[in-house]
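Below, each chain spelled out in residue letters.
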Protein chains: 2
Amino acid sequence: MSPPQPDPYDPTGIEHHTIPSFTFASGTTLHDVRVAYRQYNTSSTAGTVLIPTCFGGKINTTLTFQSTPSSALSKYHVVVVAMLSNGESSSPSNKSLFPAPGELHYEDLVHAQHDMLTNGLGVKQLEAVIGFSMGGQQAYHWAVTYPDFVKRAVGICTSARTSGHNYAFLEGPIAALTSSIDYVAWKQIKAKLAEGEEVGHHLREVRPKQGLAAWARAYAAWLTSAAWFRERHWEKMGCKDVEEWMCVREDGYADWDADDLLTKARMWQMADIGSTKKGVVSQLRHAPGDDQALEDALKSIKAKVLLMPCRTDQYFPPEDSEGEMKHLKDGTLEVIESSWGHIAGGGANPADVAFMDAKLAEHMQR
Amino acid sequence: MSPPQPDPYDPTGIEHHTIPSFTFASGTTLHDVRVAYRQYNTSSTAGTVLIPTCFGGKINTTLTFQSTPSSALSKYHVVVVAMLSNGESSSPSNKSLFPAPGELHYEDLVHAQHDMLTNGLGVKQLEAVIGFSMGGQQAYHWAVTYPDFVKRAVGICTSARTSGHNYAFLEGPIAALTSSIDYVAWKQIKAKLAEGEEVGHHLREVRPKQGLAAWARAYAAWLTSAAWFRERHWEKMGCKDVEEWMCVREDGYADWDADDLLTKARMWQMADIGSTKKGVVSQLRHAPGDDQALEDALKSIKAKVLLMPCRTDQYFPPEDSEGEMKHLKDGTLEVIESSWGHIAGGGANPADVAFMDAKLAEHMQR
């Protein structure tokens with residue numbers, strides 16, 4: 001038996017909204033910034049729900065809670081949106097002069113998505129914005145940036161501010177990739193091509209393979225949990241041993257653009273709704289953080305918030321969600337009791353999806 | 001304020017035992033294999049305690065439980081021994097043809113240490129073998145290999161078999177280092193020099209700096225815990241933010257030989273007293289493992305065992321120690337209740353050292 005091969009990505013149903021002139025939080029202005037999205041159930045009169053992608057997500061790998069007629073979102077108009085830098089929306093891989101790693105911020109994602117929803121689709125208000133991991137951090141930033149636009153916010157395995165531990169974990173894959181022999185070479189080639197040529201066009205199919213594999217290995221043990229390995233759930237992924245599971249993880253990153261990944265990872269490290277609320281652009285170097293600003297930002301949220309951390313998530317632990325609950329006006333905490341760790345929230349385990357779907361359905365009635 | 005700089009290593013008191021001809025588990029035989037060690041309290045009549053080094057340990061950075069007259073081991077003859085491949089004993093960095101990463105096994109360490117104790121120091125029996133992390137894995141291998149030589153075995157933040165999760169975590173720093181641009185170059189130079197020259201002599205002062213830094217960053221978030229970062233204990237390490245703590249971790253590995261680190265890490269991944277008991281040399285590729293053999297090996301241990309995992313250790317979790325307890329004839333479990341994670345067991349936090357010292361003192365009376 002060979003380890004499972006990933007299915008080729010199917011881009012069915014993806015649409016694009018183009019913003020003629022978009023100014024990033026860093027100050028850069030670019031023309032024709034594109035936001036990729038997919039709509040489900042457009043004839044719905046129940047209202048619109050926005051689901052931004054997560055770190056490793058594409059539009060058509062995102063959980064929509066629409067799989068059966070009784071699913072939590074089956075009656076809603078659902079818009080799944082690709083975050084900037086995921087390779088489907090504008091990203092380092094497909095857009096010259098796109099902000100480099102460390103220069104893209106959650107504020108940019110939310111502003112671009114707001115433009116897509118209002119100027120593109122004519123949406124006046126969201127019934128909910130729902131996200132997993134970095135998608136949940138987008139949901140939090142939405143609720144702080146547009147408090148009257150968002151009736152509900154749902155954060156699955158996520159946080160309002162990236163913790164020091166989470167920051168430190170991300171330094172691992174980032175260092176593994178950026179120190180790798182082929183990423184260094186790839187950047188040198190890219191720098192030469194960038195002197196007047198459209199970068200993405202030339203380099204989209206070239207990958208620093210060894211660097212991406214090192215990235216995957218520095219990331220893999222974080223994704224699930226010690227209990228997940230103890231219970232040998234890699235067997236449920238079709239792997240005969242842990243080494244095969246590592247190879248599956250390598251395959252999962254093999255087709256990503258290295259700078260798209262790095263730009264997202266650096267943005268993730270800087271997540272802080274406290275800065276957003278104060279109108280300060282987050283800095284990359286991880287300072288202790290302004291606890292009062294975070295508290296103020298949480299208190300400013302008008303949306304009804306549902307937080308669903310997973311008990312065994314190693315980098316978005318439930319303790320951090322519990323801390324946020326203290327300052328939310330209208331917060332509900334439902335812990336996913338699962339050994340699947342972080343990826344429980346992404347839909348890796350059917351029992352956890354059923355739990356989330358049920359809790360989400362309750363929340364949509366609040 | 002700058003981040004704290006590490007003190008230069010002080011080799012005071014280190015002695016060497018030379019084994020004229022030593023055959024490794026891999027089949028290789030080398031002449032003049034050296035075991036470095038340091039003795040404390042040689043005039044003691046209370047008996048001898050062996051303390052092998054941990055993964056990142058040197059002889060004189062190892063906790064000896066002798067710091068005060070009332071410390072647990074203050075009346076014992078303590079021998080701290082450097083594991084093979086730590087750079088003080090024979091290692092890839094100082095010995096031509098030394099087993100490469102994946103070819104050194106815990107059995108080799110234990111046999112070499114046994115030779116040092118019996119033929120070198122004339123020790124007939126150990127009152128205890130005590131180890132933290134990889135040191136604890138050595139203690140376990142000692143208890144299985146020489147069941148009548150070891151009266152007590154103490155494992156601090158360790159396991160009898162490296163878990164799948166622990167294996168997977170180690171893949172991160174290993175991939176980060178081995179994929180790095182300067183490690184690849186360093187290996188090429190080393191291969192050329194090795195054609196007839198003493199490798200360590202030429203390369204001991206040359207380091208793949210970027211690769212070692214990537215190793216450190218892929219390792220850093222694992223060392224403590226999410227709670228440790230939440231409680232900002234990096235401030236107790238003299239760091240003003242998490243990024244400075246990452247730099248401190250880089251400094252901690254900057255002077256290590258890359259292949260010494262890799263040889264130890266691969267051995268760690270293969271730890272399995274079940275294989276040792278069966279007389280099978282462990283394989284690198286992580287298979288599910290033979291649970292029956294592990295159980296048989298645990299049951300075969302005659303030593304009184306004390307296990308002290310830390311509650312928040314991310315890769316040697318207390319659940320794994322609890323699993324081992326079920327099969328030990330004479331086992332005691334004392335969990336270190338601390339947010340310091342794995343490094344609690346290495347002596348990073350004074351309160352945890354005091355706890356361990358007290359529990360160790362009790363155990364030495366059993």
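Caption draft 1: Expanded view of the interface of chain A and chain B. The interface of chain A with chain B comprises 43 residues on the first partner and 43 residues on the second. Together chain A and chain B conceal approximately 3,500 Å² of surface at their shared face, both sides included; 60% is due to carbon and sulfur atoms. It is H165, S179 and R285 of chain A in chain A that bury the most area against chain B; as a group they hold 16% of the surface buried on that side. Counting across the chain A and chain B interface gives six salt bridges. Notably, a salt bridge pairs E171 of chain A with R217 of chain B, separated by 2.5 Å at the nearest N-O pair.

Caption draft 2: Here's a closer look at the pattern of salt bridges. Scanning all chains against the criterion turns up 38 salt bridges over all chains. Close ionic contact of K359 of chain A with E362 of chain A constitutes a salt bridge, the shortest N to O distance being 3.7 Å. Of the two residues, K359 of chain A and E362 of chain A are both situated in helix α13 (residues 350-365); the distance of three residues between them amounts to about one turn of the helix. The exposure class assigned to K359 of chain A is buried, which follows from its relative accessible area of 18%. Across the pair E243 of chain B and R217 of chain B runs a salt bridge whose closest N-O atoms are separated by 2.8 Å. On the criterion of sequence distance, the pair formed by E243 of chain B in helix α8 (residues 242-253) and R217 of chain B in helix α6 (residues 209-223) is long-range, its members being 26 residues apart. Relative accessible area serves as the criterion here: at 11%, E243 of chain B is assigned to the buried category. Residues participating in the shared-partner salt-bridge network are E171 and R266 of chain A together with R217, E243 and E250 of chain B.

Caption draft 3: Here's a closer look at the sheet that holds strand β1 (residues 15-23) of chain A. Residue and element names in this part refer to chain A. Strand order in the open sheet formed by eight strands is β1-β2-β4-β3-β5-β6-β7-β8, and the pairing between neighbours is mixed. Each edge of the open sheet is held by one strand with a lone partner, namely β1 and β8 (331-333). For this sheet the average axis-to-axis angle between neighbouring strands, irrespective of direction, equals 20°. Across four bridges, strand β5 (residues 126-132) lies against strand β6 (residues 152-156) in parallel orientation. Residue pairing in the sheet places G131 in a bridge with G155 of β6. Its contacts with the sheet put helix α2 (residues 134-145) on β3 (48-52), β5, β6 and β7 (304-308), and the angle it makes with β5 is roughly 145°. Against the sheet, helix α12 (residues 318-325) makes contact with β7 and β8, and its axis sits at roughly 155° relative to β8, the strand it touches most.

Caption draft 4: Focus on the relation of the copies chain A and chain B. Between chain A and chain B, the superposition needs a rotation of 180° and an axial shift of 0.0 Å, giving an RMSD of 0.0 Å. Viewed as a symmetry operation, the transformation between the two copies matches a two-fold axis. Most of the interface of chain A is mirrored in chain B, where 100% of its interface residues again form contacts.

Caption draft 5: Region of interest: the confidence of the model for chain A. When the pLDDT values of chain A are averaged, the result is 94; 95% of them are 70 or greater. Across the whole predicted complex the pTM is 0.96, and at the interface the ipTM reaches 0.95.

Caption draft 6: Layout of the pairing of strand β6 (residues 152-156) of chain B. Residues and elements named next belong to chain B. For β6, the buried fraction is high: five of the five residues fall into the buried class. The alternating pattern of β6 places R152, V154 and I156 and A153 and G155 on opposite faces, both of which are buried. Inspection of the sheet shows β6 paired to strand β7 (residues 304-308) by five bridges, in the parallel sense. Opposite A153, over in β7, you have V305 as the bridge partner.

Caption draft 7: Representation of helix α1 (residues 106-120) of chain B. Residues and elements named next belong to chain B. With 15 residues, α1 should cover 21 Å at 1.5 Å per step; its first-to-last C-alpha distance of 20 Å lies within 8% of that length. Of all 15 residues in α1, 11 are buried; the element is thus mostly enclosed. Among all positions in α1, only Y106, E107, D108, L109, V110, A112, Q113, H114, D115, M116 and L117 are buried. Positive phi appears at G122, one or two residues downstream of α1, with a value of about 70°.

Caption draft 8: Focus on the sheet that holds β7 of chain B. Residue and element names in this part refer to chain B. Strand order across the open sheet formed by eight strands is β1-β2-β4-β3-β5-β6-β7-β8, with mixed pairing between neighbours. Two strands bound the open sheet, and with one partner strand each, they are β1 (15-23) and β8 (331-333). Between one strand axis and the next, the sheet turns through 20° on average, direction left out of account. Where helix α12 (residues 318-325) meets the sheet, its contacts fall on β7 and β8, and the angle it forms with β8 comes to roughly 155°. Along the sheet face, helix α13 (residues 350-364) touches β3 (48-52), β5 (126-132), β6 and β7 and points at about 170° away from the line of β7.

About the thresholds
- Every chain begins its residue count from 1, and numbering advances along the sequence as written.
- Chain letters start at A and ligand numbers start at 1, both assigned in the order the entries are written.
- For this predicted model, a pLDDT threshold of at least 70 governs which residues receive local features, and a threshold of 80 or more governs which side-chain atom pairs are given and counted, while totals over whole chains, interfaces and linings are taken from all residues.
- Values shown for side chains rest on all heavy atoms present in the structure; no hydrogens or waters enter the calculation.
- Contacts are residue-level and defined by heavy atoms, with any inter-residue pair within 4.5 Å sufficient.
- What gets called buried area is simply the loss in accessible area from a 1.4 Å probe that two parts show on being joined, summed for both.
- Any carboxyl oxygen of Asp or Glu that lies within 4 Å of a side-chain nitrogen of Lys or Arg is treated as forming a salt bridge with it.
- Every helix listed is a DSSP run of H or I at least four residues long, and every strand listed is a run of E at least two residues long, numbered separately from the N terminus.
- Under the scheme applied here, a residue whose accessible area is under 20% of the maximum for its type counts as buried, over 50% as exposed, and between as partly exposed, the area being computed with a 1.4 Å probe on protein chains only.
- In this analysis, strands are considered paired if DSSP registers two or more bridges between them.
- Note on definitions: angles span 0 to 180 degrees between N-to-C directions of axes, and those axes are lines fitted to C-alpha atoms, for helices only across the stretch in contact.
- Superposing the copies works by least squares over the C-alpha atoms of residues that have pLDDT at least 70 in both of them.
- Each residue gets a pLDDT score, which is the predictor's confidence in that residue and runs from 0 to 100.
- Expected span of a helix: the number of residues minus one, times 1.5 Å.

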